[in-house]
Each structure stands twice: as structure tokens, then as C-alpha cells.
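Chain by chain, the residues run as shown.
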Amino acid sequence: MKAKVHVQLKRDVSDPRGFAIRGSLESLAFQGVNKVHVGKYFVLDMDDMPEEKARVMLKAMCEKLLANPVIESYDFTIEKD
Amino acid sequence: MKFGVVIFPGSNCDQDCIHVLRNVLRQEVEELWHKERNLCGSECIVLPGGFSYGDYLRTGAIARFSPIMDSVIAHARSGRPVIGICNGFQILCEAGLLPGALIRNRSLRFICRPVTLKVARQGTPFTRFPKGVVRIPIAHGEGNYFNHGDGLKDLRDKGLVVFQYADNAGDITDAANPNGSLDNIAGIMNEAGNVLGMMPHPERCSEPEMGGTDGRLIFESILTSFSG
């Protein structure tokens, strides 16, 4: 099975990278982009296991290592092979 | 006093710290590889600057789980001194020994230059010296201190902000803030007063040959406060 994890800065944390990318898009004449949020995307190849067990494990992984709860939020999806 | 300087893969200010402690302050220094668990009787732990684990994932996020960190956390929780400099500060935040987080500089630039700091709280175990304004270099890309409203209020209310970026007169201004840190925060300590994290590098200005000696005041303060 595969797990796909998204981590991104919380909305109240300034994101200078997103700001710079938005500015660059604008200078390339892509109009109408109001804000860019830069995040991280992890794809985890995992042993098959019951979905509920995987959810508990992924939540723990995110809170312990993959995301810093002070500044980041996370979500994940699980895909069976 | 016996200092223990922790070396992670990617630390790059460890030798500067060791040099200052050993050759300038004439103290005993133990070099502690991150895979060890034994602090070898070190009385004060130094987490030096650098790019532990290449800053992969987040600054300090992987180093925080190095085997030695269990012992460093126990050392800190027992009230003994720990100082984290630059990447060391980031590791202390990731480890939960200090509140908040350090995010990318608002300019997106790596900044390496001397800065002026207001000693926001004098007389702490790390600031037992009469100077209210010191000059110490910074060298970081992610030193922008962030904490949520309640966390920031807590730091203010409890007087845990130790150093703030300031102009030459010691005034806290936005122009003097090099990286976007909330409240111009450059260094904070824990409530018990034994753990200090700071982005500026005192080990880079502890001898006259290095252009300044203000950094030495902090190490000497640790010696005065925690010896014996």
C-alpha cells in the first residue's frame, strides 16, 4: 500500500517562499494568482495493513517527525495497491 | 567546568566552540558524537551551529532524534545547563526543550554578518554581565523565530526573551530585524533558566582577533552561574 502525505505551513505562519513564487509568476504574466502556499509531499511505500492501523501510524509519524505542529498542518491519503 | 560539545553529521561550528572553550576559556571539553548516549560527565552541553543532516525535512528535525538527544533532554530536565547556538537552537525547539520554531528568513537570503543585540533580560545565568547591548555575528538562512500568539505572550509575560535584534542604541526596530523574527527575538531561555537557544554565534566573537569579544561574556556567565 501507499500513503501520500501533504505537509504545509499553517495559514498564520508567513511563507516567504510562497510570496517569492507568487511574485515570480506575476512577473511571468500569469495573472490572478493571489497566494502560493509551498508544502512538502511524501510518498510512503508501506507494508499492507488494515487501514485503521495505517491511519494511527501515519498520524503518529506526522506528529512526531514529518510535520512540526507548531508551524505546519498535515493530511494524508492511503492507497491500496 | 566540563563542557560537552555535541557533533552531528553536518555540524560545522563544533570546532569553533571547542576552540573557544578549550583554548580561550581554558575549560575541559568533551567531544560528543551524536550516536553516543553517554555525556561523559559533561556539566554544560553545547549544541553547535551547522546543518545537521543537511537540514533535510526541517532544520534540526532529524538531529533531534539522534541517540544522544535522549541524554541531552534528561540533562536539561534535571536543571543542568544547555546552550544551543544557531542550528543548536533549531534542534532545541524541535526537541521541545524551547518553545516555538525557526522558519525561513523573510528575505529568503542566508545572512552572515555581525548584528547588535539588546540583552532583553540581564542577570540570567547566561547574561550575568553589565553590558545591555552586545555585538555578535549571525549566519543563518532559517532564523526567523515564530510562535503562536499565546506562546509569544507566555515568553513576554515570563521574561524568557533573552536577546533581541536591535539598532546600535539598543532600540528594537523593524529595520534592525535581520530575518523577520517575531518581537525581534534572537535568543530565548526556558522557564527554569538552564536552557538557552540563540541564533547569533558567541563562539565567533570571543577573542580580539575575531573582531569582538562579546561572545565570551555569555560563556563566562555560564561558568559563573553553573560552576561548582
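In this report, we go over the structure that sits alongside the text. (Residues numbered from 1 in each chain as written. Chains lettered and ligands numbered in written order. Predicted model: local features only at pLDDT ≥ 70, side-chain atom pairs only at ≥ 80, totals over all residues. Heavy atoms only, no water.)

Turning our attention to the overall build of chain A. Each helix and strand in chain A was counted, giving two helices and three strands. Walking chain A from its N terminus toward its C terminus, one meets helices and strands in the order β-α-β-α-β. Taking 81 residues into account, the globule formula puts the C-alpha radius of gyration at 12 Å, and chain A, at 16 Å, lies well above it. Residues counted as buried form 30% of the 81 residues belonging to chain A. (Helix = DSSP H or I, 4+ residues; strand = E, 2+ residues; numbered from the N terminus. Rg over C-alpha atoms; globule rule 2.2 N^0.38 Å. Buried < 20%, exposed > 50% of the residue type's maximum accessible area, 1.4 Å probe, protein only.)

This brings us to the interface of chain B and chain A. When the parts come together, some accessible area is lost, and that loss is often what is quoted as the size of the interface. Taken residue by residue, the interface counts 15 residues in chain B and 17 residues in chain A. Both faces combined, the contact of chain B with chain A buries some 1,400 Å², and carbon together with sulfur accounts for 67% of it. For Arg58 of chain B, the salt bridge goes to Glu72 of chain A, with nearest N and O atoms at 3.5 Å. At the junction of chain B with chain A, the criterion picks out six residue pairs in polar contact (both at pLDDT 80 or more). Looking at the side of chain B that touches chain A, the elements with two or more residues in it are β5 (101-103) and β8 (144-146) of chain B. (Contact = heavy atoms within 4.5 Å. Buried area = accessible area lost by both parts, 1.4 Å probe. Salt bridge = Lys/Arg side-chain N within 4 Å of Asp/Glu carboxyl O. Polar contact = N/O pair within 3.5 Å; in protein donor to acceptor, adjacent residues only side chain to side chain.)

Backbone hydrogen bonds hold the strands of a sheet together, and the pairing may be parallel or antiparallel. All names here are of chain A. On the basis of which strands lie adjacent, the open sheet formed by three strands has the order β2-β1-β3 and antiparallel pairing. Lying at the two open borders of the sheet, with one neighbouring strand each, are β2 (39-45) and β3 (72-79). Looking at each pair of strands side by side, their axes are set apart by 15 degrees on average, direction ignored. Contacting β1 (2-9), β2 and β3, helix α2 (residues 51-66) crosses the sheet at an angle of about 150 degrees to β3. (Pairing = 2+ DSSP bridges. Axes fitted to C-alpha atoms, helices over the stretch in contact; angles between N-to-C directions.)

Now for the nonpolar core. In terms of nonpolar packing, the biggest core is built from 66 residues, with Ile83, Phe163 and Leu196 of chain B touching the most fellow members. Ranked by size, the runner-up nonpolar core spans 15 residues in total, among them Val5, Met46, Met49 and Leu58 of chain A. (Core = buried A, V, L, I, M, F, W, Y, C linked by side-chain atoms within 4.5 Å.)

Right, let's talk about the pattern of salt bridges for a bit. Following the criterion strictly, the structure yields 20 salt bridges over all chains and no others. When the shortest N-O distance is used, the salt bridge between Glu26 of chain A and Arg22 of chain A registers 3.4 Å. Of this pair, Glu26 of chain A and Arg22 of chain A both sit in helix α1 (residues 16-27), four residues apart, which is roughly one turn of the helix. Put simply, Lys40 and Glu72 of chain A together with Arg58 and Glu94 of chain B are held in one network by salt bridges that share partners.

Another aspect to go through is the sheet that holds strand β1 (residues 2-7) of chain B. Residue and element names in this part refer to chain B. Strand order across the open sheet formed by nine strands is β2-β1-β3-β4-β11-β10-β9-β6-β7, with mixed pairing between neighbours. The outermost strands of the open sheet, each flanked by one partner alone, are β2 (28-33) and β7 (133-140). Recorded for the sheet is a direction-independent mean angle of 20 degrees between the axes of neighbouring strands. The pairing of strand β6 (residues 111-119) with β7 spans eight bridges and is antiparallel. When the bridges of β7 are listed, Cys112 appears paired with Ala139. Helix α2 (residues 67-77) rests against β1, β2, β3 (44-47), β4 (82-85) and β11 (195-198) of the sheet, and its axis sits at about 130 degrees to β3.

Right, let's get into the environment of Ile7 of chain B. Residues and elements named next belong to chain B. Within the secondary structure, Ile7 is located in strand β1. Residues Ile7 and Ile138 lie 131 residues apart in sequence; the distance between their C-alpha atoms is 20 Å. Excluding residues within four positions of it along the chain, Ile7 makes contact with Asp14, Glu31, Leu32, Trp33 and His34.

Moving on to the pairing of β3 of chain B. Residues and elements named next belong to chain B. Every second residue of β3 is oriented toward a common face, with Cys44 and Val46 on one face and Ile45 and Leu47 on the other, all of them buried. Looking at chain direction, β3 and β4 are connected through three bridges and run parallel. By the bridge assignment for β4, Val46 is matched with Ile83. Between the parallel elements β3 and β4, the chain passes through α2 in a crossover that is right-handed. (Right-handed = clockwise from strand over helix to strand, strands pointing away.)

Here we take up unusual backbone geometry. Backbone geometry at Ala29 of chain A places phi at a positive 70 degrees, although glycine is not the residue there. Position of Ala29 of chain A among the secondary structure elements: in the loop between α1 and β2. Ala29 of chain A gets classed as exposed once you look at its relative accessible area, which sits at 56%. In this model, Leu57 of chain B sits at a positive phi of 75 degrees, which is unusual for a non-glycine residue. Following the sequence through the fold, Leu57 of chain B ends up in the loop between β3 and α2.

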